[in-house]
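Chains, contacts and geometry: an overview
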Amino acid sequence: MSANPIREEILRELDRLPPELQREVLDFARALASSVSEGTPGEKLLRFAGILTPEEAELMERAIEEGCERVDLSEW
């Protein structure tokens, strides 16, 4: 059994494609890889733990809910 069965399956499918479609798969894979964000490790964020009071956290949560969970159709 392979150590990475998904990789092996992708390679099998890729082998069945003509070169021009293989190029499209390569371009797509590169686009996916460049869109993956590594983010910030949790240990670097620990210094922010507990800096907000419960009231400040509630205000921030409410602002996010009110401002970020809306769709303004005329914006487009």
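Note: the structure precedes this text.
A few points on the structure. Values in this document were obtained by computation on a predicted structure and should not be read as measured data.

Moving on, we come to the overall build of the chain. Per the secondary structure count, the chain includes four helices and zero strands. In the chain, the order of α-helices and β-strands from amino to carboxyl end is α-α-α-α. When the backbone C-alpha atoms are referred to their principal axes, the chain occupies close to 60 × 40 × 20 Å. Residues classed as buried in the chain amount to 0% of the 76 residues present. Of the accessible surface of the chain, which amounts to about 7600 Å², a share of 57% is contributed by carbon and sulfur atoms. The chain carries 9 positive and 18 negative side-chain charges, and their two centres are separated by 9 Å.

Bringing the environment of Cys68 into the picture now. In this fold, Cys68 is placed in helix H4 (residues 54–68). Residue classification places Cys68 among the exposed positions, given a relative accessible area of 60%. Spatially, the C-alpha atoms of Cys68 and Ala29 are 31 Å apart, while their sequence positions differ by 39 residues.

Moving on to the pattern of salt bridges. When the charged atoms of two side chains lie near each other, side chains of opposite charge can form a pair. Enumeration according to the criterion identifies three salt bridges in this entry. Linking Glu13 and Arg16 is a salt bridge whose minimum nitrogen-to-oxygen distance equals 3.1 Å. Take Glu13: its relative accessible area is 40%, and that puts it in the partly exposed class. Note on Arg16: relative accessible area 65%, which makes it exposed.

A surface patch of nonpolar side chains, about 560 Å² in accessible area, is lined by Leu45, Phe48, Ile51, Leu52, Met60 and Ile64. Within the element layout of this structure, Ile51 appears in the loop between helix H3 (42–45) and H4. Given the relative accessible area of 55%, Ile51 is considered exposed.

Along the chain, the position of Glu55 falls in helix H4. Separated by 47 residues in sequence, Glu55 and Glu8 place their C-alpha atoms 52 Å apart.

Cut-offs applied
Residues numbered from 1 in each chain as written. Predicted model: local features only at pLDDT ≥ 70, side-chain atom pairs only at ≥ 80, totals over all residues. Heavy atoms only, no water. Helix = DSSP H or I, 4+ residues; strand = E, 2+ residues; numbered from the N terminus. Buried < 20%, exposed > 50% of the residue type's maximum accessible area, 1.4 Å probe, protein only. Areas by Shrake-Rupley, 256 points an atom, 1.4 Å probe, with all protein chains shown as cover. Lys, Arg positive; Asp, Glu negative; His and termini not counted. Charge placed at Lys NZ, Arg CZ, Asp CG, Glu CD. Salt bridge = Lys/Arg side-chain N within 4 Å of Asp/Glu carboxyl O. Patch = residues over 30% accessible without salt bridge, like charges linked within 9 Å, V, L, I, M, F, W, Y side chains within 5 Å.

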